[in-house]
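Here's the letter readout for the chains.
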Amino acid sequence: MLNHTDLGNGRKLQAQILHALLQGRSPDRSELLRNGVAAATRRVWEDLVHSGAVVVNESGRVVAAYPLSATPTRHIVEVGSFKTWANCAIDALAVPRMLGRSGRITSECAHCGTAITIEVAGETVLGTPASIVVGYGGLADCCDRPAIEARCPYISFFCSTEHADSWVRPGSWVGEFLPLPRAAAVAADRFRSIIDVYRSVFSPESSWPE
Ligand SMILES: [Zn+2]
């Protein structure tokens, strides 16, 4: 059971991990517990991992911290000088919101592979083709697997509803197709607590390169 101090340290640790991923660094447990978050204890770290907020590999290196991925995905997010990867289309839409700035998402249609570029300010989608939709779902028969396997690979952008309809979906995929503005609103809502955590440590005025 985490106490009040642990919860505060957990928020700091989670924000530090997100900030490292924004900078293109993939921290590991020993680095994080040694630097910057000295007050964070092993149980704070373990709580973040067990809750699924942070995904690590066998050696304790961070693979993902929602909404960000430490390894390349097809969803690239640029905000200011930060350039990083998101785990899925919905996660990508949450990143500019998390940073409180406008940003650019570069991805591709999951059906035809055509490049898709989306400009976002906060949760407002700017000047992007109105036809783009997001397939928001996952594999129904993989509930015992982590989201990064059962859901993230199947939450994608599509050029149009026609391409979403034509997409050859994996057998057990269940989900819905959202217009882009609706997907951005879902992203902001789903990531509200993580956005708060990040902003409580890294405010829009602090330490962000242009
Ligand atoms: Zn397409």
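Residues numbered from 1 in each chain as written. Predicted model: local features only at pLDDT ≥ 70, side-chain atom pairs only at ≥ 80, totals over all residues.

Caption draft 1: Seen up close, the pairing of strand 9 (residues 133-139). Among the seven residues of strand 9, five are classified as buried, and the element is accordingly described as predominantly covered. Bridging between strand 9 and strand 10 (residues 156-158) involves three bridges; their strand directions are antiparallel. Within strand 10, the residue paired with Val-134 across the bridge is Phe-157. Where strand 9 and strand 11 (residues 173-179) come together, seven bridges link them in antiparallel fashion. Residue Gly-138 lies in a different strand from strand 11, and its bridge partner there is Val-174. (Buried ≥ 20, exposed ≤ 12 C-beta atoms within 10 Å, placed from the backbone. Helix = DSSP H or I, 4+ residues; strand = E, 2+ residues; numbered from the N terminus. Pairing = 2+ DSSP bridges.)

Caption draft 2: Representation of the packing of helix 4 (residues 89-99) against helix 7 (residues 180-190) in the model. One can describe the packing of helix 4 onto helix 7 by two numbers: an axis separation of 8 Å at closest approach and a directional angle of 70°. Relative to helix 7, the element helix 4 is oriented roughly perpendicular. Along its contact with helix 4, which presents Ala-89, Ile-90, Leu-93, Ala-94 and Arg-97, the element helix 7 presents Ala-183, Ala-184, Val-186, Ala-187, Ala-188 and Arg-190. (Axes fitted to C-alpha atoms, helices over the stretch in contact; angles between N-to-C directions. Parallel < 35°, antiparallel > 145°, perpendicular 65-115°, else oblique. Contact = placed C-beta atoms within 7 Å.)

Caption draft 3: Local environment of the environment of Gly-10. Its location among the elements puts Gly-10 in helix 1 (residues 4-22). Classification of Gly-10 by C-beta neighbours within 10 Å gives buried; the count is 22.

Caption draft 4: Examining the sheet that holds strand 2 (residues 62-65) more closely. One open sheet accounts for eight strands, arranged 1-2-3-5-4-6-7-8; its pairing is antiparallel. The sheet is open, and its two edges are formed by strand 1 (54-56) and strand 8 (124-126), each paired on a single side. With two bridges joining them, strand 3 (residues 68-69) and strand 5 (residues 82-86) adopt antiparallel strand pairing. Among the inter-strand pairings, Leu-68 is bridged to a residue of strand 5, identified as Ala-86. Its contacts with the sheet place helix 4 against strand 4 (76-79), strand 5, strand 6 (102-108) and strand 7 (115-121), and it is angled at close to 165° to strand 6.

Caption draft 5: Quick peek at helix 1. When the terminal C-alpha atoms of helix 1 are compared, their 27 Å separation across 19 residues agrees well with the 27 Å that a helix rising 1.5 Å per residue should span. Turning to helix 1, its buried residues are Asn-9, Gly-10, Arg-11, Leu-13, Gln-14, Ala-15, Gln-16, Ile-17, Leu-18, His-19, Leu-21 and Leu-22. Backbone geometry just after helix 1 places Gly-24 at a positive phi near 80°. (Expected span 1.5 Å × (residues − 1).)

Caption draft 6: Highlighting the packing of helix 1 against helix 8 (residues 192-201). At a minimum axis separation of 8 Å, helix 1 and helix 8 run at an interaxial angle of 90°. Classified by the angle between their axes, helix 1 and helix 8 sit roughly perpendicular to one another. Of the residues in helix 8, those touching helix 1 at Arg-11, Lys-12, Gln-14, Ala-15 and Leu-18 are Val-197, Tyr-198, Ser-200 and Val-201. Its residues assigned to classes, the contact of helix 1 with helix 8 shows five nonpolar, two polar and two charged. (Nonpolar A, V, L, I, M, F, W, Y, C, P; charged D, E, K, R; others polar.)

Caption draft 7: Structural context of the environment of Val-168. Relative to the helices and strands, Val-168 resides in the loop between helix 6 (161-166) and strand 11. Using a count of 7 C-beta atoms within 10 Å as the deciding quantity, one classes Val-168 as exposed. Separated by 21 residues in the primary sequence, Val-168 and Asp-189 place their C-alpha atoms 29 Å from one another.

Caption draft 8: Seen up close, unusual backbone geometry. Tyr-66 connects to Pro-67 through a cis peptide bond whose omega is 15°. Residue position: Pro-67 is located in the loop between strand 2 and strand 3.

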